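# Examination of the molecular architecture
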Amino acid sequence: MAEKKFDYFINGEKGKWEVIIGLEVHAQVLSKSKLFSSSSTKFGAEPNTQVSLVDSAFPGMLPVINQFCVEQSIKTGLGLKAKINLNSVFDRKNYFYADLPQGYQISQYKKPLVGEGEVILDMPYGTKKVGIERLHLEQDAGKSIHDIDPDNSFVDLNRSGVALMEIVSKPDLRSPEEVNFYVKKLRSIMRYLGTCDGNMQEGSLRADVNVSVRKVGDSQFGTRCEIKNVNSIKFMQMAIEYEAKRQVEILESGKKIDQETRLFDVKKNTTRSMRSKEEAHDYRYFPDPDLLPLKLNKDLIDKLKKELPELPDQKKDRFIKDHNLSPYEANILVSEKEISDYYEEMIKECDKKLATNWITVELFAVLNKNNLSISQSPISAKNLSSLVKMITLGKISGKIAKDVFEKMQVSDKDPKQIVEEEGLVQQSDPKELEKIVLEVLSKNQDKVIQYQSGKVKLFGYFVGEVMEVSKGKANPNLVNDILKIKLK
Amino acid sequence: MSIDKDTVKHISKLARISLDEKKIDNLSKDLSSIMKFIEKLNKINTDKTNPLTSIINASLKSRKDEVKDGKIRSQILKNSPEKNEEFFVVPKVIE
Amino acid sequence: MSNISELSLTKIINGIKKKDFTSEEVTKVFINNSQNSKKLNAYISECFDDALKSAKSFDKKKDYNGLLSGVPIAVKDLFCTKDVKTTAGSKILHNFIPTYESTVTSNLWSKGAFLLGKLNCDEFAMGSSNETSFFGNVVNPYGKQLVPGGSSGGSASALAAELTPATIGTDTGGSIRQPASFTGIVGLKPTYGRCSRWGIAAFASSLDQAGPMTKNVEDCALLLQAMSGYDPKDSTSVDAKVENYSSKLTENVKGLKIGIPNEYRVDNMPTEIDNLWKQGIDYLKDAGAIIKNISLPHTVYALPAYYIVAPAEASSNLARYDGVKYGHRAKGKNLIEMYENTRSEGFGDEVKRRILIGTYVLSSGYYDAYYLKAQKVRQLIKNDFDKVFSDVDAILTPSTPSSAFKIGDKTDDPVSMYLNDIFTVPVNLSGLPAISVPAGYDENNLPLGLQIIGKAFDEQTILNLSLAIEKRANFKKNFKVWWS
């Protein structure tokens, strides 16, 4: 495979620029109840039905921490190969907004739960390490709905208080493609761990994107702008492309970049300044006096480490080493937990290489055509493995298998059933096949003579005729063998 | 440290409290006098001291991940100055 | 029957048990007293009809098992009481009706008491004279031009005037002990974490504590026992056993070591305060205690540290009062304007001052110099106490630097008002328990209190010591009713 080179640069009028990107990913913790209150976190509930007195900040209400959310964050930190801080502190981040009932968000500022770590990306041009600065736990805000009423906004606090993990990367990313891979990798790790469902449409995963540019060869970072609350990878990429070009234009015209917060406008595909943030935010962080410092036991960390499931990188290595798959194949299989689960379910019954092929070629074709994810696959892993097993056992040919596969898309029936019902079992009885071969040869005596005189291409014709007579069920390998003997 | 009128305006914006000129004047005086009183702390050297992190000598108590709350929408909205049956209603935010 | 209101809480409970009188009779007396005391302005909300219903219901059921069986109690309007308006003395909550009950008041009701009414207080507990309440200032029964102290001024005044047999307040920098001293009653601030803060409108989270305010020490022990206990809904609540303070109450304090801190002898200390202090020392000597001079070197920094930490926490705690979910909402063209007008209209001047100071000391560039510094000083103050408590069992000081002052005397200068808290504030900063017990009078026959500070969770010792003082001081109310 030809090795690509990294080549994302902005070609400005006055030179070549590179783009520096850092991401602050907000991932909703998979838990039943919220971080500091016992309301449910389920998506899609009626407005304000998953809200407690604590969530709506009534006088005298106090936070009580959800131990499971802490453990989920520790697991995520371990998945990022990061340092877990045994002592961390919850701080109040003070600001006013309609979806922030307390007038402050409980977050972590100076002493986060998780420290430095890293994520490894398999880019087309090689391996890329992306540094993680930190991960901390904080409350999510509620939602304001602005477009129902011209004069008023409507506030739903269902999401207020849900636990978020904020994962801050180092400014190591250099292109929209790297951002794509990074977010997908983070998402994949958390889905493997079961700590976040990574569902971007439901808002379980969103990011603030920090972008700056500098001339290639410069070592100093330029002034960055923060693009807030981008909730799809596609938008992140578009925002970065627009923002990088915007900054290059400004700098090449001799002006300076204003460090500011911006929003991605999904209608115009541009970024714009957030007008309401005229005054720089002074969050006045201080340790939350309603909570005590969080002191963790090393035993807990060790226990959680032991309980960690196999993560994508480890699984990939194992597939390459033990299953003899290529790095390319292994990568695809581990890219989503659902895919590796499907594969591992299949190989309980059938051959690994065949399983890989059938998943990455045949199944993916079907899924892509119908815009489905593997968890929505019309064919279950069990049934597909059953199909592949039949090929290995010689029960059906590869070609017949493809036909059965099509039929399975409609009904996800057990392929054994389909083969039986439609009489598609491969004909592998040499005596039967010999009969058919002799029949075909006797009907095409002129061609037999032509073949024996040197027109070897006619071999395929004979094979085709045998296949037709046998309605495709003849075992092609056996047919070949018998024909060869009989045509001598 | 005296607190001048511009500072009063700035912190009142952070605290979301509107003030008229007369109030700003009075507050500038009052706050400056309070700050003067507070600045007695400058006399003591605290370089080698750690700040108090908690008055209580105990570990942060946690709770199990169980849903035991919510589904009390009418209670939540009961005291709201302006509401409909489902939401809190507030004047529009200018973005 | 008119003597019922003179009785202590303990005697009333026993009287009901012994059937000397019914809960209804008791309740009617206090309702009557309350209705005739509008001039004191001690009440914000009266719950007299419901109280009477509860009393009648109690008399039918005759369940005498609770610690506080059959007694009506009015409480400071900072405690959220279910379905009863709770204002925190503020316009911003003038129409707020909680759908929930605070843990501490729940504890009282579960032990047989019931709500008589909500008592006036300084707005959001910020004040030392009950002059900052949106509902008007409270008057001290000892004189119509006198403040009762604050912020639990309504509670102190009501108790001293016999409008309620006992009450509960909150203390963040002295708000139970100082008004107790000004009105000749007993007031105790428990160890931080002893009582739950759940359901109490928060002022300064690391300093607030609810506490009993009673006629005598015996009542105080009883009420403290009824209020206290671990609450899993409050992460700063401590899981420590609640002693039977009443049954363990004793005058026998022989051999206890009492520290007298040098640094509490402030410049220009009024002679009568000094004399009272000396008198207290004599009382305790007489009771067999051993007196020792001690040093709490960082005392002088306590007030400035307090006036950084408390406003800082308050500025954040009061951010929830934004007109969106409950309380007052002003008009505004947009959200920010609505916030600014709501909070401007809803908060009084003292609250505004403290929110602004608090915002300032936390703001960018100032956090290290002020808030962080104050927390370091706080650690030093706590260390002072920890050190002396390895040597003494309790500390004796005056409660206040003066007796009740005149209404309006200190409202022009916020700092002069803050100096009222000089003896009480170090206790909150360290999270220790302290009690104020009436011990004497000044030259104008106004009450003065003595403060006893104890070790963490050693409320028993300070109750015992204050009982010893109470028996010797023989403090008697010496005013006549002028307000009905």
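Residues numbered from 1 in each chain as written. Chains lettered and ligands numbered in written order. Predicted model: local features only at pLDDT ≥ 70, side-chain atom pairs only at ≥ 80, totals over all residues. Heavy atoms only, no water.

### Quick notes on the overall build of chain B
- Looking only at helices and strands, chain B features three helices and two strands.
- Secondary structure elements of chain B occur, N-terminal to C-terminal, as α-α-β-α-β.
- On C-alpha atoms alone, chain B measures out to a radius of gyration of 22 Å, which is more than a quarter above the 12 Å that the 2.2 N^0.38 rule sets for 95 residues.
- Taking the principal axes of its C-alpha atoms as reference, chain B extends roughly 55 × 45 × 25 Å.
- Within the span of chain B, comprising 95 residues, buried residues form 45% of the whole.
- Residue pairs in contact within chain B that sit at least 24 positions apart in sequence constitute 25% of those at least 6 positions apart.
- When the accessible area of chain B is evaluated, it comes to approximately 5500 Å², of which 47% is carbon and sulfur surface. (Helix = DSSP H or I, 4+ residues; strand = E, 2+ residues; numbered from the N terminus. Rg over C-alpha atoms; globule rule 2.2 N^0.38 Å. Buried < 20%, exposed > 50% of the residue type's maximum accessible area, 1.4 Å probe, protein only. Contact = heavy atoms within 4.5 Å. Areas by Shrake-Rupley, 256 points an atom, 1.4 Å probe, with all protein chains shown as cover.)

### Digging into the overall build of chain A
- For chain A, the helix and strand inventory stands at 15 helices and 17 strands.
- Relative to a compact globule of 488 residues, whose C-alpha radius of gyration would be 23 Å, chain A shows 30 Å and is clearly more extended.
- In terms of overall dimensions, chain A has C-alpha extents of about 95 × 55 × 50 Å along its principal axes.
- Across the 488 residues that make up chain A, the buried fraction comes to 54%.
- Within chain A, one finds 75 positive and 72 negative side-chain charges whose respective centroids are separated by 3 Å. (Lys, Arg positive; Asp, Glu negative; His and termini not counted. Charge placed at Lys NZ, Arg CZ, Asp CG, Glu CD.)

### Comments concerning the interface of chain C and chain B
- Opposite the 66 residues of chain C that make contact, chain B presents 48 residues.
- Where chain C abuts chain B, roughly 5100 Å² becomes buried across the two surfaces, and 70% of that area is made up of carbon and sulfur atoms.
- The interface formed by chain C and chain B includes four salt bridges.
- The interface formed by chain C and chain B holds 17 residue pairs in polar contact (both at pLDDT 80 or more) in total.
- Elements represented by at least two residues in the side of chain C that touches chain B include exactly α9 (302-317), α10 (335-346), α11 (349-362), α12 (368-388), α13 (414-418) and α14 (425-430) of chain C.
- Here the side of chain C that touches chain B is composed, by residue class, of 34 nonpolar, 17 polar and 15 charged. (Buried area = accessible area lost by both parts, 1.4 Å probe. Salt bridge = Lys/Arg side-chain N within 4 Å of Asp/Glu carboxyl O. Polar contact = N/O pair within 3.5 Å; in protein donor to acceptor, adjacent residues only side chain to side chain. Nonpolar A, V, L, I, M, F, W, Y, C, P; charged D, E, K, R; others polar.)

### Examining the packing of helix α7 (residues 337-346) of chain A against helix α9 (residues 381-392) of chain A
Residue and element names in this part refer to chain A.
- Relative to each other, α7 and α9 sit at 45°, their axes nearing to 8 Å. As summarised for this structure, α7 and α9 are arranged oblique, according to the angle between their axes. The handedness of the crossing between α7 and α9 comes out as right-handed. Of the residues in α9, those touching α7 at Tyr342, Glu345 and Met346 are Ala381, Lys382, Leu384, Ser385 and Val388.
- In the contact of α7 with α9, the residues fall into five nonpolar, one polar and two charged. (Axes fitted to C-alpha atoms, helices over the stretch in contact; angles between N-to-C directions. Parallel < 35°, antiparallel > 145°, perpendicular 65-115°, else oblique. Left-handed = near helix turned anticlockwise from the far one by under 90°.)

### Quick word on the layout of surface pockets
Residues and elements named next belong to chain A.
- Put simply, the second largest pocket is a space of about 1600 Å³.
- Lining the second largest pocket are 43 residues, with Lys184, Ile332, Ser335, Glu336 and Ile339 sitting closest to its centre.
- Looking at the lining of the second largest pocket, the elements with two or more residues in it are β7 (117-123), α2 (176-193), α5 (312-322), α6 (327-334), α7 and α8 (352-369).
- The element contributing the most residues to the lining of the second largest pocket is α2, with seven residues.
- Across the lining of the second largest pocket, the residue classes break down as 19 nonpolar, 13 polar and eleven charged. (1 Å grid on protein atoms, 1.4 Å probe; cavity = no way out; pocket = protein on both sides within 12 Å on 5 of 7 lines; lining within 4 Å. Points joined across faces, edges and corners; volume = space filled by probe spheres on them.)

### Observations concerning empty space enclosed by the protein
Residue and element names in this part refer to chain A.
- Overall, the coordinates contain eight cavities of 30 Å³ or more when judged by the stated rule.
- Of the pockets and cavities examined, the largest cavity occupies roughly 110 Å³.
- For the largest cavity, the lining is made up of 16 residues, of which Asp55, Gln102, Gln139, Ser160 and Gly161 are closest to its centre.
- Of the residues assigned to the lining of the largest cavity, the class counts are six nonpolar, six polar and four charged.

### A closer look at the nonpolar core
- Leu68, Phe124, Leu396, Leu463 and Ile469 of chain C are the most contacted members of the largest nonpolar core, which has 191 residues in total.
- Listed in part, the 110 residues of the second largest apolar core include Leu78, Ile106, Val211 and Phe264 of chain A. (Core = buried A, V, L, I, M, F, W, Y, C linked by side-chain atoms within 4.5 Å.)

### Describing the interface of chain B and chain A
- On the chain A side, the residues contacting the 39 residues of chain B number 49 residues.
- Of the roughly 3800 Å² buried at the junction of chain B and chain A (both faces included), carbon and sulfur atoms supply 58%.
- Counting across the interface, chain B meets chain A through zero salt bridges.
- For the interface between chain B and chain A, the tally reads 23 residue pairs in polar contact (both at pLDDT 80 or more).

### Some details on the sheet that holds strand β5 (residues 91-94) of chain A
Residue and element names in this part refer to chain A.
- Strand order in the open sheet made by the three strands is β6-β5-β16, with antiparallel pairing throughout. What marks the edges here is a single partner per strand, and that holds for β6 (104-107) and β16 (286-287).
- Two strands pair when backbone bridges link them, and β5 and β6 are joined in this way by four bridges, in the antiparallel orientation. Paired with Arg92 across the strands is Ile106, a residue of β6. (Pairing = 2+ DSSP bridges.)

### Focus on the side chain of Ser237 of chain C
Residue and element names in this part refer to chain C.
- Assignment of secondary structure puts Ser237 in the loop between α7 (217-227) and β7 (257-261).
- We classify Ser237 as buried; its relative accessible area is 5%.
- A polar contact of 2.8 Å, which involves the side chain of Ser237, links it to the backbone nitrogen of Asp231.
- Ser237 has contacts with Gly193, Gly229, Tyr230 and Asp231, leaving out every residue within four places of it along the chain.

### A short note on the pairing of strand β4 (residues 167-171) of chain C
Residue and element names in this part refer to chain C.
- With five of five residues buried, β4 is to be regarded as a mostly interior element.
- Bridge count for strand β2 (residues 72-76) against β4 is two bridges, and the pairing is parallel. Bridge assignment links Val75 to a residue of β4, and that residue is Ile168.
- Sheet analysis places β4 next to strand β6 (residues 209-214), joined by five bridges and oriented antiparallel. The residue of β6 that forms the bridge with Thr167 is Met213.

### Some points on the pattern of salt bridges
Residues and elements named next belong to chain A.
- Summed over the entire model, instances satisfying the criterion amount to 64 salt bridges over all chains.
- For the salt bridge of Glu349 with Lys389, the shortest nitrogen-to-oxygen distance reads 3.3 Å. Highlighted residues: Glu349 in the loop between α7 and α8 and Lys389 in helix α9, separated in sequence by 40 residues.
- A residue is classified by how much of its surface remains accessible, and Glu349, at 44% relative accessible area, is partly exposed.
- The exposure class assigned to Lys389 is partly exposed, which follows from its relative accessible area of 34%.

### A look at the sheet that holds strand β10 (residues 434-441) of chain C
All names here are of chain C.
- Read from one edge of the open sheet, eleven strands run β1-β3-β2-β4-β6-β5-β10-β11-β9-β7-β8, paired in mixed fashion. The open sheet terminates on both sides in strands that have one partner only, identified here as β1 (43-46) and β8 (290-294). Across the sheet, the mean angle from the axis of one strand to that of its neighbour is 30°, orientation sign disregarded.
- Docked against the sheet, helix α5 (residues 153-160) engages β2, β3 (114-119), β4 and β6, running at close to 20° with respect to β6.

### Some points on the confidence of the model for chain B
Residue and element names in this part refer to chain B.
- Residues with a pLDDT of 70 or more make up 98% of chain B, whose mean pLDDT is 92.
- At the level of individual helices and strands, chain B shows its lowest average pLDDT in helix α2 (residues 21-38), which scores 94, and its highest in strand β1 (residues 62-63), which scores 96.
- Here the predicted complex scores 0.91 on pTM and 0.96 on ipTM. (pLDDT = per-residue confidence, 0-100.)

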